[in-house]
Every structure is written in structure tokens, then in C-alpha cells.
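One letter stands for each residue in the lines below.
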Amino acid sequence: MQPRPGRLVHEFTSLLLCLILGLALGGAVSIADGRGWLPALPWTRIAAAVQHVPGEEIRRAIFLRLRPMQPLLRAEDVSANMRSYWEAGHPKRALKLLRGLKDQAVAYAVARDAVGRFRDLDPRFAAEAAISIQNEALRLATLRPVLAEWAALDAEGAWQFLESLPAESLREEMFLGATPGLARLSADRLSGLLLRLRPELRAAVVEGMNETAWQVGAWSNIYELMERLNLRPTDGVVGFQLALHLAEVEPGLAQSWIEQAPPSIARDTLAIGYIRSLEKSDRKLALEWTATLTDDGSTLKAGECARQVRAWLLEDRHTAQVWLQSDEGERLCPLEKRAEWFSGYGIPLLEIPEPSAPAAP
Amino acid sequence: MNPEPKPSAWAQIGAFVLQLIRVVLKCAVLGFGLVVGFLYLPQLSEPPVASTPNPEPSAALPAVPSTILTAIPAPMRSAGIDALRQVLGERQASATKYQVRDRCTGSVRELPLADMYPALGLIVRHPMPYVRLPLLDELFTRWVVLDREGALAAALSVMSPQAKARAVNRVLEAWVKTDEAAAWAWVGQLDDSILQSAVVNRLLTRCAAQAPAHYAEWAATLSDPFLRRQSLDRVAIEWARRDAPAALAWAQQQTEPNTRRALLSEVLAALSNRDPKLVFNTAASDPDAAVRHDILAQLLELHSRRDAATLLAWIAQTNLTADLQQPLNAAAKSLASLGITKLQATATRLPEGPLREAFLSGAAEAIASAGDPQSAWLLLQNLAASVEKNSALWSLGAAFASSPTTQEAANWLSALPASQERDSAIAGYASKAIAEKPQLALDWIAQMQNASERSAALSENFARWHRASKGASMAWLWATPRLSAAEKKALAR
């Protein structure tokens, strides 16, 4: 049998094609898998697989060879492994390694390590590492500082990350430190994200923004945001922070909101914010406003009154004493509370001179 | 035509074996390729920055005019952009953020105008904000020298608000040097209120010191109340740096009380380094109660850390009005490290009554918090009842709870007469002791005189113990003779 001409070339070419195909397939599978080789496999998984190998001697030999790899599962080794993936430009592999960890204590330590290196990383990578922690409390505690710093440096990036999360996984804690940064985004961008939240969470986030919006210096933006979310200051969901800060720069506007609001808890919330700003300069007026709180039956009004009188006594005892003994004090401060101030704190009753009578003719 | 001779059986077997060898060989090569590809190919591949799995999503690439990118043939592009591309595109392992920044800064400073947009694209895509933001500063500092209009347009196209503000600020900082009026006119017409706020604050830092009265007038006309206050604050700070007496006079003339207070706070804080006595006297005699109380308290507290001697002298020599309790209380807390002899000597210079009591109570509170309740008690024991003394007693109680022996705390608490003061001391003691000695803490709380405060302290501290140890807390509750049946039921609920 004579070999056909070019037969060897044909054979060699087909072998080469096989090799290229194999390389391509292997590489693709490896990349798609997103994980490396053995270092990414938890020790427990390797050990379980080896148990199925027949033959005691063979198993022992395999274990002897694999033993040096066991420490990889210690947190610091996994962290180092993750870092090497990150540094080699494979963040997805690093995250896959983290998510594949069965031991949650190790996973938490590794995620904390990644978060601790926030300033040398892509913030998204640190946030993804934090979010891979299974325990919710630990996850949120780890994620919160990441989001706070990220939003402070790059509100848009933090916003996009939050947008990428499923709505049901968004928690109030995620926004706690991030609101000062996120408040720098336009109402248009923010409202889209906030509309995905539960109404009560939405209101809490907006109230957090009210707390810091005055530092960002854009009342128009926060007002537009509330308009878009259909949140009114008199709804009872946002109010305290808004009234507190707006009363500082635009007291007339804050006051008009309170006056327009019907008697309700919402009105009281607004009013207390306004009172906290007012009390710095005018205790008497603040106490007058306290008396307008509608929450007659509960401890809110009495507690607010007591807090203010105590602060006044610390500030200017004499003036506070005079007020407590005056008709105004009697009218605005509950009798039993006043008795407590006088007896409990050893405040003596002052001898307030009567207005002098006109001289006898 | 003769039919082909039928191959022999051996020949057929040989052909089959050859075929088999070929298949096996191909399979082996394929398998080898698979294994090598799986293990080594990803490591060999050099991922370009643009294809990094987590590209920076925030700083979207601004619309790059295609003419810029296509009209310049690659060889004409500067070495700077290539160097920038190389450093920013390197794998993260090779350098820290500082090294990356340092290596890029030189390249950015020499970029020609044609490379500005590509450089902006590279920088805003970099995933690390601590690299990206300083490089943006460098880029726009360079860009504005070459083409201000283009730099401003590019800066406005950056998506991230913080990055945008930094970029715009670089342009405006250069612009105000050449045409201040035009730059401010541009700022005035900005419709992005967030950007406007960031820009105004930064520009005022540059410009307000040169013409403070002008910028104060301008800031007062701003319609956004938050921006207005922020701008006025900034003017006050800059004005006080340049001419503190004039700034003080301006702040004092303000008619809106909250604005006046905020500006005075800034100006007085700035002036307190240079002339603390003037500042203290000004604040102490201000007609606004909030300035006399809150702002003076802050100023005294701040100054006590810098120069306690001046502060003590001022307290001793000044005829202080009776309503300055709060500032004296705050100052005493900061001066506690001077020791009780000095503090007592200063206190004797104060008029008897609220001022002296506030001062000694503040000092006692700080000394107790520092872990010396016995010395703190020496300052407090002869004082009349007051709210300040109650606060200090709370701190003393907490400090006694940390004493090595429980007897010391018991002796002290037992020696106090049943009163609001003793209640405060017990509440302070219990707040600390509940973690280590819960039964003892609750036994003391049960002896509080004021019913409502006792009830509140009981429920709060019992709940803390219950969370830590359910069985022990319930056993104590049912066994203790100190609580009534109603109180026990309420707590059990």
C-alpha cells in the first residue's frame, strides 16, 4: 500500500488542528468557569473526592501530595490567592473563589480583608466581596463603610452598584453612610433608584439625605427629589431633618409647612425639627411651639417639654426658674413635672418681686 | 478492467490499527490541548484595561468627537498618551496607587491638546478612585492651559458628580485668574445646583479674600437657601483670615439671627487664635443667647486644649454674667487634667451659685470619667443640688462601678441621702455594673426614690441582662424581695 501524496502533511495538519481546538476549548472552559485550578477548590471538597479513590496506599499518596495545599483554605491564604487573581486582572475569578468558600468564617475574614484594601481596589470589587458574605448582619456591617466611602468619592459608581442589586436585597443600612455622597446626584437619577425601594425605606433614605443636603448646598435638588417621589413634608415620613435644617436657613418656610399641616404625628415631627432649631436662640418661643404639639395623650409633649426645661436650667438657671414660676410656665409645663424640677433638683422657689404698686397719693 | 485485488486480512487489520492509532493520537492531542488551555491559557492572556471584568461604570466616557480619534494617525500621537495607556493599562499587581499616580502625572503634564480626550477616556475608566481623581486634576490643569473652552466642555461631560466638580473647578480656578467676572457669570448661570454648589464653595476660597465685601453681597442674593448659607459661611472664613475685625463687624451687622449666629461662629473661631480674650469677651457679651451659650462653649473648649493658662486667667479675671453656666461647664470638662487644686482655686474666683456649680460639676464629671471618682467627689460634695451636679453624679456612679471592689461603690452610694442626686448616682452606677454585676445593679435600682425614673431604669437594665442571660435574670426577678408583685409582672412582660 503506497501512501497517498501529502498524506503526512494532512495528518500533521489535523493533529495541529486538534491541538488548537483543545487549547481553545480548555482556555474557554477555564475562563467561563471563572475559577483557577486546585487552589480554588475547598480542601473539604478535595478530601471528599479523594476518599472515592480506590486503594488505601494511593489515597495516602494523594493526601501526602495535597497536604501542602491545605493551608490555602486558611483565610490569609485565600486572601492572598484572591489578591493574586485581582492583581493579575481577574476580579471575577477572585470573587468566584470567595463565593465558593464553604466555611463562612473564612469567607467573612477574606471579604473583610478585601474591604480593608478598598483604597487599592476597584470599589465595585470590594463591594462585591462584602456582598458575598452570607450572614446578613455581617454583610451589611461590612458593606456599609464601602458604600459610604465609594459614594463620597464617586456617587455615580455607588449609585450604579446599588441599581444593579435586586430590589429585595436593598436594606436601609446600605444607605446609612452613603446618603451624603448620594445626595450629590441629581433628583432625576436618584428617584429611579429610590422608586425601587419599599415606601418606608424610600422615606428613610430621603430623610437621611435631608440630614446632609444642606452641606451639599442644593435645596432645589432635594425638593425636586421629594416631589418626584411624591413625598410631602407633611406626610409624616420625611420631616424632622428637613424642618431642622430648613428652619436654620429658611425659618419662614419651615414654619409655614407646620402651620399648613393638620394636627397629626407628621405635623409633630416637623414641629419638633423646627423647635430644635428655634430653641438655640429663644427658649420661650420653643416652649410655646412645644405646647402646640398635638400628641396630648402620650409622653411626647411632656418629654419634649422636660428636655427643653432641663437644657434651659443647664444654660441659664435663673431665667429658667423665673419662667417656671411664671404664668406662662404654669400654662405650658405640666404641674407634676414642675414639682419634680423644684423638689428633685433642689431648685428653690424664687421670690419674684411683684410689680411695684403706684405710690400713694 | 481487472477488479482491484481484494486486500488481505492482514492488510485490513493493519489499516484498522493505523486508523485507530490516528484517532487515539488525535484524541490525545485534543486532550492535551484541553488541559493546557484550561490551566495556562488564561494566565498567559494579557487583559486590556478596557476588558477588565469590572470596568469603572461610573465615569462614563464623555462623547469623544470622532474627528479627534480618527484624524490623528497613531504615529502622530504623543509618547505621553502611550505611556499613560501603558501605565493605566498595566495589571494591578505592578504598582500601588501612589506609584501609578506618580508615573502618570509626568505624562499628563506633557500631553498635547490632541491627546486630551483619549487621556480623559483612559483616566475616567480607571477603576480606582484614588488614582482617577488626582489624575483628573492634573489633566484639567494642563487642558485649561491649552484650550479653556474645550476643557470646560469636557469637564461638564464627566458623569460622576465629584469628578465633574473637580474637573470644572480646575478650569474655573484658571479662568478667574484671567477674567474673574466672566468666570463668576458662567457659574451664576449654571443650572446644575449640585455642581454650582461645589464650584461656588471652591471658587470663593480662591476669590473671597480679595474682595470679601463684594462676594458677601453676591452670596446674600443667592436664592437657594442652602447654597446661600454655605457661601456666606465661606466668605466669613476667608474674610476672617484676611481682615478679622472687618469680618467681625460684618457678621455682627447681619439682621437674620441664624445667619448672624453662623457667621459669628466662623469669624470668632478664626480670630480666637490671634486674640482669644477679645473673642471670649465678644461672645460673652453678645445679645444673642445662642452666641453666649453654644458658641462661647465651643470656643472655650477649643481654646482649653491650646492654651489652658490664658483661659483660666480669663475665667478668673472676667466679671462673668450668671447665664454663662454652659460655657463654664464645657471649659471645666476640658481643663480637668490640670488637677483639682487649680480647678478649686479657679472656682473660688467665680461667684457662688450657678456659675461656680457649673464649673465644679463639669470638672468633677471629667475627672470621674477619667477614672478617679474619689477626687471628683471632693469637688462635688459641698455643692448645692443642681442639674449639673446630677449629671456629674451620674458619671461618678459609672466610675465607681469600675472600681476594683464593689464595697467602695456600695459605701459611697449608701452614704448619699435618698434624693434625686442619689437616684442619678445609682442610674450611672447601674449603667456600667449591669454587665458584670447585674444583681447588684438591679438591687440598687430598686432603691431609687423617684418612681418613674426607677421604673425606666429597671426596665432598661433588666432588658439588657435578660438579653445576655435569660435564666439568671428571671430567677432573680422572681426571688428578689425588693420589687413589688406589680413591678415583677411588668418586667416579666
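A.B. asks: Looking at this structure, I do not really get the overall build of chain A. What am I missing?
C.D. replies: Looking only at helices and strands, chain A has 22 helices and 0 strands in total. Every one of the 361 residues in chain A was classed for burial, and the buried ones make up 42%. Within chain A, contacts between residues separated by at least 24 positions form 62% of all contacts whose residues are at least 6 apart in sequence.

A.B. asks: Hey, could you run me through the overall build of chain B in this one?
C.D. replies: Looking only at helices and strands, chain B has 28 helices and 0 strands in total. Put simply, of all contacts in chain B between residues at least 6 apart along the chain, 67% involve residues at least 24 apart.

A.B. asks: How should I be thinking about the confidence of the model for chain A in this particular structure?
C.D. replies: A low pLDDT means the predicted coordinates there should not be read in detail. Residues and elements named next belong to chain A. For chain A, per-residue confidence averages 79 on the pLDDT scale, and residues scoring 70 or more make up 81% of the total. Between residues 34–40, whose pLDDT stays under 50, and residues either more than four places distant or in other chains, the model counts 16 contacts. Confidence drops under a pLDDT of 50 for residues 352–361, and excluding neighbours within four residues, the segment shows 2 contacts in the predicted structure.

A.B. asks: Just to check I follow, could you spell out the nonpolar core for this structure?
C.D. replies: The nonpolar side chains of soluble globular proteins are, as a tendency, buried together. If you look at the biggest cluster of nonpolar residues, it comprises 223 residues, and the most contacted ones within it are Val267(B), Ala363(B) and Tyr429(B). Not counting residues up to four positions away in its chain, the partners in contact with Ala363(B) are Ala332(B), Leu335(B), Ala336(B), Leu343(B) and Leu379(B). By size, the runner-up hydrophobic cluster in this structure holds 6 residues, among which are Cys18(A), Leu23(A), Val29(B) and Leu34(B).

A.B. asks: Is there a simple way to explain helix α18 (residues 325–335) of chain B in this structure?
C.D. replies: Two residues of an α-helix separated by three or four positions point the same way, owing to the 3.6 residues in each turn. For α18(B), the tally of buried residues reaches 10 of 11 residues, placing the bulk of the element in the interior. Listed as buried for α18(B) are Gln325(B), Gln326(B), Pro327(B), Leu328(B), Asn329(B), Ala330(B), Ala331(B), Ala332(B), Lys333(B) and Leu335(B).

A.B. asks: What should I look at first to understand the interface of chain B and chain A in this one?
C.D. replies: Interface size, as often reported, equals the accessible area lost upon joining of the parts. With 69 residues of chain B at the interface, the matching set in chain A holds 65 residues. Tallying contributions element by element places helix α1 (residues 9–44) of chain B first for the side of chain B that touches chain A, with 17 residues. When its residues are assigned to classes, the side of chain B that touches chain A shows 36 nonpolar, 21 polar and 12 charged.

A.B. asks: Could you clarify how one ought to interpret the confidence of the model for chain B in this entry?
C.D. replies: Residue and element names in this part refer to chain B. In the predicted model, chain B carries a mean pLDDT of 84, and 89% of its residues have values of at least 70. Ignoring residues within four places in sequence, the model shows residues 42–76, a span with pLDDT below 50, making 59 contacts including any to other chains. Scored by ipTM, the complex comes to 0.71, with pTM at 0.72.

A.B. asks: Explanation requested: helix α14 (residues 257–271) of chain B in the structure shown.
C.D. replies: Over its 15 residues, α14(B) extends 21 Å from the first C-alpha to the last, a length consistent with the 21 Å expected when each residue adds 1.5 Å. Counting buried positions over the 15 residues of α14(B) gives 13, a clear majority of the element.

A.B. asks: Explain unusual backbone geometry to me, please; I cannot follow it from the model alone.
C.D. replies: In terms of backbone geometry, most residues other than glycine have negative phi values and most peptide bonds are trans. A positive phi angle is found at Asn230(A), which is not glycine, with a value near 60 degrees. Residue classification places Asn230(A) among the exposed positions, given that 11 C-beta atoms sit within 10 Å.

A.B. asks: Just to check I follow, could you spell out the environment of Ala181(B) for this structure?
C.D. replies: Mapped onto the secondary structure, Ala181(B) falls in helix α9 (residues 180–188). Counting along the chain gives 156 residues from Ala181(B) to Ser337(B), while the straight-line C-alpha distance between them is 53 Å.

A.B. asks: What am I meant to see in the packing of helix α15 (residues 240–249) of chain A against helix α17 (residues 265–278) of chain A here?
C.D. replies: In a pair of packed helices, the angle between the axes and the distance between the axes together describe the arrangement. Residues and elements named next belong to chain A. Following both chains from N to C, one finds α15 and α17 inclined at 35 degrees, their axes separated by 7 Å at the closest point. Where α15 crosses over α17, the two elements pack in a sense that is right-handed. Contacts between α15 and α17 involve Phe-240, Gln-241, Leu-242, Ala-243, Leu-244, Ala-247 and Glu-248 on the former and, on the latter, Thr-269, Leu-270, Ile-272, Gly-273, Tyr-274, Arg-276, Ser-277 and Leu-278. Looking at side-chain class alone, the contact of α15 with α17 contains 9 nonpolar, 4 polar and 2 charged residues.

A.B. asks: Is there a simple way to think about the packing of helix α4 (residues 97–109) of chain B against helix α6 (residues 129–146) of chain B in this case?
C.D. replies: Residue and element names in this part refer to chain B. The geometry of α4 relative to α6 is characterised by a closest axis approach of 10 Å and an angle of 15 degrees between their N-to-C directions. Relative to α6, α4 is oriented roughly parallel. The way α4 lies across α6 gives a crossing that is right-handed. In contact with Lys-97, Val-100, Arg-101, Cys-104, Thr-105, Val-108 and Arg-109 of α4, α6 contributes Tyr-130, Val-131, Pro-134, Leu-135, Glu-138, Leu-139 and Arg-142.

What counts, and at which threshold
- Numbers given to residues run from 1 along each chain, matching the order in which its sequence is written.
- Chain letters start at A and ligand numbers start at 1, both assigned in the order the entries are written.
- A pLDDT threshold of at least 70 governs which residues receive local features in this predicted model, and a stricter bar of 80 or more applies before side-chain atom pairs are shown or counted, although totals over entire chains, interfaces and linings include all residues.
- By definition, any uninterrupted DSSP run of H or I lasting at least four residues is a helix, any uninterrupted run of E lasting at least two residues is a strand, and each is numbered from the N terminus.
- Each residue is classified by how many other C-beta atoms fall within 10 Å of its C-beta atom, where C-beta atoms are placed from the backbone; a count of 20 or more means buried, 12 or fewer means exposed, and values in between mean partly exposed.
- Two residues form a contact once the distance between their C-beta atoms, set from the backbone, is within 7 Å.
- For every residue, the predictor reports its confidence as pLDDT, a number between 0 and 100.
- By definition, a nonpolar core groups buried Ala, Val, Leu, Ile, Met, Phe, Trp, Tyr and Cys residues that are joined through C-beta atoms within 7 Å.
- Three classes are used: nonpolar for Ala, Val, Leu, Ile, Met, Phe, Trp, Tyr, Cys and Pro, charged for Asp, Glu, Lys and Arg, and polar for all others, with Gly counted as polar.
- The span one expects for a helix is its residue count, reduced by one, times 1.5 Å.
- All axes here are fitted lines through C-alpha atoms, helices being fitted over the stretch that makes contact, and every angle between N-to-C directions spans 0 to 180 degrees.
- By definition, turning the near helix anticlockwise from the far helix through less than a right angle yields a left-handed crossing, and turning it clockwise yields a right-handed one.
- Working rule for angles: under 35 degrees goes down as roughly parallel, over 145 as roughly antiparallel, 65 to 115 as roughly perpendicular, anything else as oblique.

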